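These are the residues of each chain, in order.
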Protein chains: 2
Amino acid sequence: MERAVRELWAESRDLLGLHSPEAAAVSRAETPPTPLAFLRDHVSPGRPLLVSSAATRHWPAASLWPTDSYLTDALRSTAVSLHLTPDGRADALAPHTRLPGVKCFASAHVHQVDFPTAVRLIRGSDPGSGLVAYAQQQDDCLRGGYAAVAGDVDPHVPWASKALGCLPEAVNLWIGSACSQTSFHKDHYDNIYVVVSGEKHFLLLPPTEHHRLYVRDYPAANYVAEQEREGELRLKLEVEDPERIVPWSSVDPYPPSPEETAAQVSSFPLYFEGPRPIHCTVRAGEMLYLPSMWFHHVSQSPGPNGLTIAVNYWYDMQFDIKYAYFNFLRSLAIDDNSSKKTDALEGDLEETNN
Amino acid sequence: MERAVRELWAESRDLLGLHSPEAAAVSRAETPPTPLAFLRDHVSPGRPLLVSSAATRHWPAASLWPTDSYLTDALRSTAVSLHLTPDGRADALAPHTRLPGVKCFASAHVHQVDFPTAVRLIRGSDPGSGLVAYAQQQDDCLRGGYAAVAGDVDPHVPWASKALGCLPEAVNLWIGSACSQTSFHKDHYDNIYVVVSGEKHFLLLPPTEHHRLYVRDYPAANYVAEQEREGELRLKLEVEDPERIVPWSSVDPYPPSPEETAAQVSSFPLYFEGPRPIHCTVRAGEMLYLPSMWFHHVSQSPGPNGLTIAVNYWYDMQFDIKYAYFNFLRSLAIDDNSSKKTDALEGDLEETNN
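Residues numbered from 1 in each chain as written. Chains lettered and ligands numbered in written order. Predicted model: local features only at pLDDT ≥ 70, side-chain atom pairs only at ≥ 80, totals over all residues. Heavy atoms only, no water.

As recorded in an unreviewed UniProt entry, chain A goes by the name JmjC domain-containing protein, listed as coming from Oryza meyeriana var. granulata. Under the heading Sequence similarities (unreviewed entry), UniProt records this for chain A: "Belongs to the JARID1 histone demethylase family." (UniProt positions renumbered as here; feature names shortened; annotations may be inferred.)

1. Some words on the sheet that holds strand E11 (residues 189-197) of chain B
Residue and element names in this part refer to chain B. Reading across the sheet, the 6 strands line up as E1-E2-E17-E11-E19-E9 and stay open at both edges, with mixed pairing between neighbours. Looking at strand neighbours, the two that pair on one side only are strand E1 (27-29) and strand E9 (170-176), the edges of this open sheet. Averaged over all neighbouring strand pairs, the angle between strand axes comes to 20 degrees, with direction disregarded. As defined by bridge partners, E11 adjoins strand E19 (residues 308-316) across 8 bridges and the pair is classed as antiparallel. Within E19, the position partnered with Val-194 by the bridge is Val-311. (Pairing = 2+ DSSP bridges. Helix = DSSP H or I, 4+ residues; strand = E, 2+ residues; numbered from the N terminus. Axes fitted to C-alpha atoms, helices over the stretch in contact; angles between N-to-C directions.)

2. Considerations on the packing of helix H1 (residues 2-15) of chain A against helix H10 (residues 321-330) of chain B
Where H1 of chain A contacts H10 of chain B, the axes come no closer than 9 Å and their chain directions differ by 160 degrees. Judged by the angle between their axes, H1 of chain A and H10 of chain B are roughly antiparallel. Considering the relative orientation of H1 of chain A and H10 of chain B, their crossing is right-handed. Seen from H1 of chain A, the contacting residues are Ala-4, Val-5, Leu-8, Glu-11, Ser-12 and Leu-15 of chain A; seen from H10 of chain B, they are Ile-321, Tyr-323, Ala-324, Tyr-325, Asn-327 and Phe-328 of chain B. (Parallel < 35°, antiparallel > 145°, perpendicular 65-115°, else oblique. Left-handed = near helix turned anticlockwise from the far one by under 90°. Contact = heavy atoms within 4.5 Å.)

3. Here's the deal with the relation of the copies chain A and chain B
Overlaying chain A with chain B gives an RMSD of 0.0 Å, the required rotation being 180 degrees about an axis along which the chain moves by 0.0 Å. The symmetry that links the two subunits is that of a two-fold axis. Within chain A, Ser-44 of chain A has its C-alpha nearest the rotation axis, a separation of 2.4 Å. A shared binding surface is used by both copies, with 100% of the interface residues of chain A retained as interface residues in chain B. (Least-squares fit on C-alpha atoms with pLDDT ≥ 70 in both.)

4. With respect to the pairing of strand E6 (residues 103-107) of chain B
Residues and elements named next belong to chain B. Here E6 lies mainly inside the structure; 4 of its 5 residues are buried. Across 4 bridges, the pairing between strand E5 (residues 92-95) and E6 is antiparallel. Residue pairing for E6: Leu-93 is matched across the bridge by Phe-105. (Buried < 20%, exposed > 50% of the residue type's maximum accessible area, 1.4 Å probe, protein only.)

5. Considerations on the interface of chain A and chain B
Interface size is often expressed as the accessible area that is lost when the parts come together. Across the contact, 35 residues belong to chain A and 35 residues belong to chain B. Between chain A and chain B, roughly 3,200 Å² of surface is buried when both sides are summed, and carbon and sulfur atoms account for 71% of that area. Taken as a group, Ile-321, Tyr-325 and Phe-328 of chain A account for 23% of the area that chain A buries against chain B, more than any other trio of residues on that side. Counting across the interface, chain A meets chain B through 9 residue pairs in polar contact (both at pLDDT 80 or more). Going through the elements one at a time, H1, helix H2 (35-43), helix H7 (158-164) and helix H10 (321-331) of chain A are the ones with two or more residues in the side of chain A that touches chain B. No other element matches the 10 residues that H10 of chain A contributes to the side of chain A that touches chain B. When the residues that make up the side of chain A that touches chain B are grouped by side-chain class, the tally is 21 nonpolar, 7 polar and 7 charged. (Buried area = accessible area lost by both parts, 1.4 Å probe. Polar contact = N/O pair within 3.5 Å; in protein donor to acceptor, adjacent residues only side chain to side chain. Nonpolar A, V, L, I, M, F, W, Y, C, P; charged D, E, K, R; others polar.)

6. Examining unusual backbone geometry
Residues and elements named next belong to chain A. The omega torsion of the bond from Asp-241 to Pro-242 falls at 5 degrees, within 30 degrees of zero and hence cis. Its location among the elements puts Pro-242 in the loop between strand E14 (232-239) and strand E15 (245-249). The backbone of Asp-91 sits at a positive phi, close to 50 degrees, despite the residue not being glycine. Relative to the helices and strands, Asp-91 is located in the loop between strand E4 (89-90) and strand E5 (92-95). On the basis of relative accessible area, Asp-91 is assigned to the buried category, the value being 10%. The residue Met-293 is not glycine, and still its phi comes out positive at about 75 degrees. Take Met-293: it is sitting in the loop between strand E17 (287-290) and strand E18 (295-301).

7. A closer look at the side chain of His-296 of chain A
Residues and elements named next belong to chain A. For His-296, the position within the fold is in strand E18. Taking the relative accessible area as the measure of exposure, His-296 reaches 1% and is therefore buried. Of note is the side chain of His-296, whose polar atom sits 3.1 Å from the backbone oxygen of Trp-294.

8. Points about helix H2 (residues 35-43) of chain B
A turn of α-helix holds 3.6 residues, and therefore any two residues three or four places apart point the same way. The buried fraction of H2 of chain B amounts to 7 of the 9 residues, a majority that puts the element mostly inside the structure. Buried within H2 of chain B are the following residues: Leu-36, Ala-37, Phe-38, Leu-39, Arg-40, His-42 and Val-43 of chain B.

9. Concerning the packing of aromatic side chains
All told, the structure shown has 30 aromatic pairs over all chains when counted by the stated rule. Both rings, one in Tyr-271 of chain B and one in Phe-272 of chain B, keep their centres 4.8 Å apart while their planes meet at 80 degrees; by these two values the pair is edge-to-face. By relative accessible area, Phe-272 of chain B is classed as partly exposed at 26%. Among the aromatic residues, ring-to-ring pairing joins Tyr-134, Trp-174, Tyr-193 and Phe-202 of chain A into one connected group. Positioned above the aromatic ring of Trp-9 of chain A is the side chain of Arg-212 of chain A, whose terminal nitrogen or guanidinium carbon lies 5.6 Å from the ring centre. (Phe/Tyr/Trp six-rings, centres within 6.5 Å; stacked < 30°, edge-to-face > 60°. Lys NZ or Arg CZ within 6 Å of the ring centre and 35° of its normal.)

Written out as structure tokens, the structure is:
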């Protein structure tokens, strides 16, 4: 089985035009594609596309949002659901609070603050002091809580809407710092991701490489504010009781220590010894089309205002034969070289973040 | 493995909108789709489409070709490569000439005649007398040998060409009778199949149902004209020497005898006991979009002139992630309930006819 799956990886990368392991890169367009070309060359085959900043030059957000004060002025009285973690890793694996050597799936503490406070906390994020803030509510927030500035960007992506035959299901605003990252996961949406300030760094794997992510079951846990004084929050992780299980990728592509690196490389050889993930940096003004079901890990660099600001448009995906094939692939156990039980590979990734 | 594959069959039929085994039918459009809708709703998901005769009402062929004499007049001096078999089964399995109980892959005897002779032989086809003729050359023949009447149909299918971003790689003319059928196979093309006279009856299976076709290796054989007198041809099957192997489907959905039916049902349970193939009759004037890699078996009924006449447009398919998934699926052995060796299921089907 492992040989057949490896051949699938190689053939799908080849057909996606990603055959050179050293130079595998997302294809780039200087101008937005026509709806037909987008559908034919990207959506249908499930092939990512990076569109240059020419596509968003007309957005008022392009010049306004990277400034120091525009957003804090425009959203002065807006309430924000801010996601707080000690280390910038929300919706990611963390050491279990009671069981040594076991990991759990840790979600952020969601803290309601006004927008200026949120920006202050995001800018002041520091894993050293145990507090990293990320405004990453994914509930169509740009058209909801942030409606006052929604007019600064296009309400949808015209060529994508025409190609896909629908308007976005959700439009989200993301404001973070270099301290935040998003662990490997996939979404059941076709995603157009636009960076407005700073840069986003994506690590991508096609859906065919599911087994390389070692999706396993983890107990859910949440950061809670243990003590909360004026201007200070101390977070503590609590595993949910009764237990709730979340299937999640075991792979951390950037382990925080040499020991953790060694453990990752030996436990997850299909990831660390397989074909290189596709790196894609999305710069301010650029748009990334990320096809549904692609695995992605995201880290970021701030823009001139100390913030990484992005908008994404989620379009309902088409559940078609590709989806049926993916589920079939996922249902198959693969013998890897590690001693891990292979039936633990059959889980799925929830779509809790992006 | 068999359980996972059966779940793939069920899920892919469900996602293709073919979930009702009794009523599974190709979706039908009264007018041609827009290029975007065709690409999004049919090409990308690999979903067949039947377009009503409104789409070809403007073709001169619609009224001219079903008449008795138009084509024989227009093509009086045209040479035709006519495919002759004793039973109407070209490119199909037949009993091996020397090995009892073994089958071989039999190709037609190709006979050069003028067009009026071809039509006479097609009309006079009779398995009882051991001669069935079918004009089914698949070498872009409408734009080649039949160029004198190519202007009677559209040179391409505008909405398909725009959607697929290319013109047809081949346009073929097919002239046959009720005696000819085409065995299960698939093509590496997106196919637009237009019936001009009579009806074509398709049995369809999605690519995900590969294992149900029991593709196995067969020695190639050819019908040769043993003796050829004025107006009479006697065909004899000869197995190729040195041996040449053709992987082909073992399944005959319409076995010619009760004994053969019993043998088929017991040998190929995944076909005969699995979900029903999708039946689709294409009537004069109608167009069937058959996505690449779909398995199809074709039989036919003649029109008022005693002939079944069709034109098909082959467009180069996109080799994308669906194709990689198909090859992966094909590489997997499946344990069926019969005693047949499962490794014989891993072959491919050549694309020698339609």
